[in-house]
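Listed below are the residues making up each chain.
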Amino acid sequence: FAMSQLSTDRYHFWFFQWAFAATSATIVSGSVAERTSFYAYLGYAFFLTGFVYPVIVHWAWSDGGWFSTQFGDDSGYLDFAGSGVVHMVGGFAGLIGAIIVGPRLGRFDAEGKVVPMPGHSATLCTLGTFILWFGWYGFNPGSTLYAVSPMVTVSDLTSSESPVRV
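How each quantity is defined
- Residues numbered from 1 in each chain as written.
- Predicted model: local features only at pLDDT ≥ 70, side-chain atom pairs only at ≥ 80, totals over all residues.
- Heavy atoms only, no water.
- Helix = DSSP H or I, 4+ residues; strand = E, 2+ residues; numbered from the N terminus.
- Buried < 20%, exposed > 50% of the residue type's maximum accessible area, 1.4 Å probe, protein only.
- Expected span 1.5 Å × (residues − 1).
- Arc of directions from axis to C-beta.
- Core = buried A, V, L, I, M, F, W, Y, C linked by side-chain atoms within 4.5 Å.
- Contact = heavy atoms within 4.5 Å.
- Phe/Tyr/Trp six-rings, centres within 6.5 Å; stacked < 30°, edge-to-face > 60°.
- Salt bridge = Lys/Arg side-chain N within 4 Å of Asp/Glu carboxyl O.
- Patch = residues over 30% accessible without salt bridge, like charges linked within 9 Å, V, L, I, M, F, W, Y side chains within 5 Å.
- Areas by Shrake-Rupley, 256 points an atom, 1.4 Å probe, with all protein chains shown as cover.
- Axes fitted to C-alpha atoms, helices over the stretch in contact; angles between N-to-C directions.
- Parallel < 35°, antiparallel > 145°, perpendicular 65-115°, else oblique.
- Left-handed = near helix turned anticlockwise from the far one by under 90°.
- Nonpolar A, V, L, I, M, F, W, Y, C, P; charged D, E, K, R; others polar.

1. Things to note about the overall build of the protein chain
1) Next: Tallying secondary structure elements over the protein chain gives 5 helices and 0 strands in all.
2) Next: Counting across all 166 residues of the protein chain, residues that qualify as buried make up 21%.

Structure below.
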């Protein structure tokens, strides 16, 4: 196994960075949903997470990256908890993917009016919401690499609760 020589701390760090890369790939899936084959999805996910994402991460997060704050005067890019890089990579790749595959066929009629889409499973939508909500608690505090601060807990709880309040 390629990572058998890694210490436990380095393996945990690798796994966490893998989750970031996978998150950037899933952002793209929403912008090209229902318009690409599964094999195309696997191909772009492999390319994005294996080649594009590591280069952008190195530019922004590495001490030697040209986009980082390497100059010591805070003139570079400071990305708190990594959300900027993850969403930028996923967003730009999603935009490019949506431009390439074009609009959803059958979504609009000849006059440009919206064609109604049949309803989806409310049970699966609710289950997905709870899975994402549960993942939020581990991913967001963990992305600071310092998840024991009371302020992290407060900000995580209030940001996940805000859509619920009216």
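That covers the picture; the talk isn't over yet.
2. Let's talk about helix α3 (residues 83-101)
1) Next: Under the 1.5 Å per step criterion, the end-to-end length of α3 is 26 Å for 19 residues, consistent within 8% with the ideal 27 Å.
2) Next: All of the buried residues in α3 are Val-85, Val-86, Val-89, Gly-90, Gly-94 and Gly-97. Looking straight down α3, one finds that the buried residues subtend no more than 150 degrees of arc, so they occupy a single side. Away from its buried face, by an angle of more than 90 degrees, α3 presents the exposed residues Phe-92 and Ile-99.

3. Notes on the nonpolar core
1) Next: Grouped together as the largest cluster of nonpolar side chains are 15 residues, with contacts concentrated most on Phe-20, Leu-48, Tyr-53, Val-85 and Val-89.
2) Next: Contributing elements (two or more residues each) for this core: α1 (8-31), α2 (38-61) and α3.
3) Next: Top element by residues in this core is α2. It accounts for 7 residues.
4) Next: For Val-85, the residues in contact, after removing those within four places along its chain, are Tyr-53, Ile-56, Val-57, Ala-60, Trp-61, Tyr-77 and Asp-79.

4. Quick word on the packing of aromatic side chains
1) Next: Counted according to the given criterion, the structure contains 10 aromatic pairs.
2) Next: Among the aromatic side chains, those forming a connected cluster through ring pairs are Phe-38, Tyr-39, Tyr-41 and Tyr-44.

5. A word on the side chain of Gln-17
1) Next: Along the chain, the position of Gln-17 falls in helix α1.
2) Next: Gln-17 sits in the buried class, given a relative accessible area of 18%.
3) Next: When residues no more than four places from it in sequence are discounted, the contact partners of Gln-17 are Tyr-53 and Trp-61.

6. Thoughts on the environment of Glu-34
1) Next: Residue position: Glu-34 is located in the loop between α1 and α2.
2) Next: Considering only alpha carbons, one finds Glu-34 and Leu-105, 71 residues apart in sequence, at a separation of 9.6 Å.
3) Next: With sequence-adjacent residues up to four places away left out, Glu-34 is seen in contact with Arg-104 and Met-117.

7. Side note on the pattern of salt bridges
1) Next: Counting across every chain of the model gives 1 salt bridge.
2) Next: When the shortest N-O distance is used, the salt bridge between Glu-111 and Lys-113 registers 3.8 Å. With respect to burial, Glu-111 and Lys-113 carry one shared label: exposed.

8. Re a nonpolar patch on the surface
1) Next: Together, Leu-6, Tyr-11, Trp-14, Phe-15 and Trp-18 make up a nonpolar patch on the protein surface, roughly 500 Å² of accessible area in all.
2) Next: Relative to the helices and strands, Phe-15 is located in helix α1.
3) Next: You can call Phe-15 partly exposed: its relative accessible area is 43%.

9. A word on the packing of α2 against α3
Helix packing geometry: the angle between the two helix axes and the distance between the axes.
1) Next: Packing of α2 against α3 leaves a shortest axis separation of 10 Å and a crossing angle of 135 degrees. Accordingly, the angle class assigned to the pair α2 and α3 is oblique. As for how α2 packs across α3, the hand of that crossing is right-handed. Residues Leu-48, Tyr-53, Ile-56, Val-57, Ala-60 and Trp-61 of α2 touch α3, and the partners they reach there are Val-85, Val-86, Met-88, Val-89 and Ala-93.
2) Next: Of the residues contributing to the contact of α2 with α3, the split by class is 11 nonpolar, no polar and no charged.

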